[in-house]
Amino acid sequence: MAAMKKILADRTSTIDASGIRRVFALGAAMKDPVDFSIGQPDFETPQALKEEAIKAIKAGQNKYSQTAGDGVLREKIGEQVRKEFGWAKPAVLVTSGVSGGLLLAFLSLINPGDEVIIPDPYFVIYKHVVNMLGGRCIFVDSYPEFRLPVEKIAEAITAKTKMIIVNSPCNPSGAVYLQREIKALAEIAAEKDIVVISDQIYEKFCYDGGYTSIGSYYKKTLLLRGFGKSYAMTGWRLGYAAADECLASVIEEMTKIQQYTFVCAPTPFQKAAIAAMDYDTSEFVAAYRKKRDLLYAGLKDKFELVKPSGAFYAFVKAPSQGNATEFVEKAIKNEVLIIPGSVFSEKDTHFRISYATSDEKIRRGVEILCKLV
Ligand code: PMP
């Protein structure tokens, strides 16, 4: 161990992946567990989109694309965000997944000591990459209802605040922020002139009405969107970053860094993404709404949980005896794989369920969890 310490860079000591690893390690030996741990859709990639990718490969689209992305795809994304947000001259960068976009955005924006405001619970990558770059995460508690904590965010802003991250629908809570919450945050960000990163990877998975992007109300929004979850193609590593002209310099820097890191997003899949943008996913969304209802109905009498409105997660309070990690270990011993909330939070009171699995598995998992209370 002492020898390892010498070869590893100091920044590696800020990253802790033990929470999720423990779940995988415990689950690996099981034959047929109820896997509520997985953060991706369980449906197949649509056949028509697979065929687009195969067509692109067969047509020889196998070399690097432009660093910023395939020209036709970028044009189409630009057209879409222009219409949606009224950004006259949007800047667009096709990224290797939303993770790629996040890394490039953080590398372009965060200096050591800069503060990043993040509602808690949060998607894990934010914390670890901000820390790795010497930034300071300022977590703003959104328990127990998981609404966008606008007032607390306003109170957390200091002269060092560099950005605010908004993730709606939220991983892990499944919360979808309301128009009035988003508008209120836009006003605060505008008043203090702070960039907002809007991670909208689960945007298509909304079950109880419309979706509001902060991009509709605030020009200094760096929009991050992904293809992986919407079309069940997480392995294709595709997403994009887009912004109004006022943040064009950020997209430009991100593009420069992409040139020296990822180089470009996978070329044949970018071709398929052009078709994906016109693909209707309402059938998947309807199926996931039913799964949400099934899970919620099964758990609500035994557990404390807010009905999730989006994504495919529920963030459930663990029974009060002990901490959430202890309950998670008990669940895993009973062949239900869930993730302790401490992976996504500064608290260890909840656990995350991903209901992106078969209805049969949801029923079985719910039955087992209810017996453990
Ligand atoms: N943001 C959020 C909120 C996520 O949950 C995920 C994936 N779990 C990502 C970004 C990264 O997605 P991608 O696979 O596109 O890199």
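Residues numbered from 1 in each chain as written. Predicted model: local features only at pLDDT ≥ 70, side-chain atom pairs only at ≥ 80, totals over all residues. Heavy atoms only, no water.

Under the counting rule described, the total for this entry stands at two cavities of 30 Å³ or more. Considering only enclosed or pocket space, the largest cavity measures out at about 60 Å³ in volume. Lining the largest cavity we find I118, P119, P121, Y122, F123, Y126, I165, V166, N167, C170, N171 and Y177. Contributions of two or more residues to the lining of the largest cavity are made by strand 3 (115–120) and strand 5 (161–167). For the lining of the largest cavity, the element with the highest residue contribution is strand 5, accounting for three residues. Partitioning the lining of the largest cavity into residue classes produces 10 nonpolar, two polar and no charged. Of the pockets and cavities examined, the second largest cavity occupies roughly 50 Å³. (1 Å grid on protein atoms, 1.4 Å probe; cavity = no way out; pocket = protein on both sides within 12 Å on 5 of 7 lines; lining within 4 Å. Points joined across faces, edges and corners; volume = space filled by probe spheres on them. Helix = DSSP H or I, 4+ residues; strand = E, 2+ residues; numbered from the N terminus. Nonpolar A, V, L, I, M, F, W, Y, C, P; charged D, E, K, R; others polar.)

So, on to the site of the ligand. All residues in the neighbourhood of the ligand are listed as G97, V98, S99, F123, Y126, N167, N171, D199, I201, Y202, K229 and R237. Note that an oxygen atom of the ligand is positioned 2.8 Å from one of the backbone N or O atoms of V98. Between R237 and the ligand, the recorded distance is 2.7 Å, taken from a side-chain N or O atom to an oxygen atom. Protein burial of the ligand: of its 400 Å² of free accessible surface, 91% is covered by the chains. With respect to the detected pockets, the ligand is housed in the largest pocket. Per-element accounting of the shell around the ligand gives the leading share, three residues, to helix 5 (residues 97–109). Residues belonging to the shell around the ligand are distributed by class as follows: five nonpolar, four polar and three charged. (Near = heavy atom within 4 Å. Polar contact = N/O pair within 3.5 Å; in protein donor to acceptor, adjacent residues only side chain to side chain. Areas by Shrake-Rupley, 256 points an atom, 1.4 Å probe, with all protein chains shown as cover. Sits in = over half its atoms within 2 Å of the grid points.)

Once that is clear, we can look at helix 12 (residues 324–333). Those residues of helix 12 that fall on the buried side of the exposure criterion are A324, T325, F327, V328, A331 and I332. One side of helix 12 carries all its buried residues, which in axial view fall inside an arc of 160°. Where helix 12 starts, the residue carrying a side-chain oxygen 3.3 Å from the main-chain nitrogen of T325 turns out to be N323. (Buried < 20%, exposed > 50% of the residue type's maximum accessible area, 1.4 Å probe, protein only. Arc of directions from axis to C-beta.)

The next point concerns the packing of helix 3 (residues 47–58) against helix 10 (residues 267–276). Where helix 3 meets helix 10, the closest approach of the two axes is 8 Å, and the angle between their N-to-C directions is 140°. Accordingly, the angle class assigned to the pair helix 3 and helix 10 is oblique. Of the two elements, helix 3 crosses helix 10, and the hand of that crossing is right-handed. Facing L49, E52, A53, A56 and I57 of helix 3, the residues of helix 10 in contact are P268, F269, K271, A272, A275 and A276. Among the residues forming the contact of helix 3 with helix 10, the class breakdown is nine nonpolar, no polar and two charged. (Axes fitted to C-alpha atoms, helices over the stretch in contact; angles between N-to-C directions. Parallel < 35°, antiparallel > 145°, perpendicular 65-115°, else oblique. Left-handed = near helix turned anticlockwise from the far one by under 90°. Contact = heavy atoms within 4.5 Å.)

The next subject is the state of the cysteines. Per the counting criterion, the structure on display carries zero disulfides. Left unpaired, C206 is separated from the closest cysteine sulfur, that of C170, by 12 Å. (Disulfide = S-S within 2.5 Å.)

The buried fraction of strand 10 (residues 313–317) amounts to four of the five residues, a majority that puts the element mostly inside the structure. Examined bridge by bridge, strand 9 (residues 304–305) and strand 10 share two bridges and lie antiparallel to one another. Of the residues in strand 10, the one forming a bridge with E304 is K317. Of the pairings in the sheet, the one linking strand 10 to strand 13 (residues 350–354) comprises five bridges and is antiparallel in character. Along strand 13, the bridge assignment pairs V316 with F351. (Pairing = 2+ DSSP bridges.)

This part takes up the sheet that holds strand 12 (residues 339–340). The strand order across the open sheet built from four strands is 9-10-13-12, with neighbouring strands paired in antiparallel fashion. At either end of the open sheet lies a strand with only one pairing partner, and these are strand 9 and strand 12.

Purely geometric stuff here, so don't read any function into it on its own.
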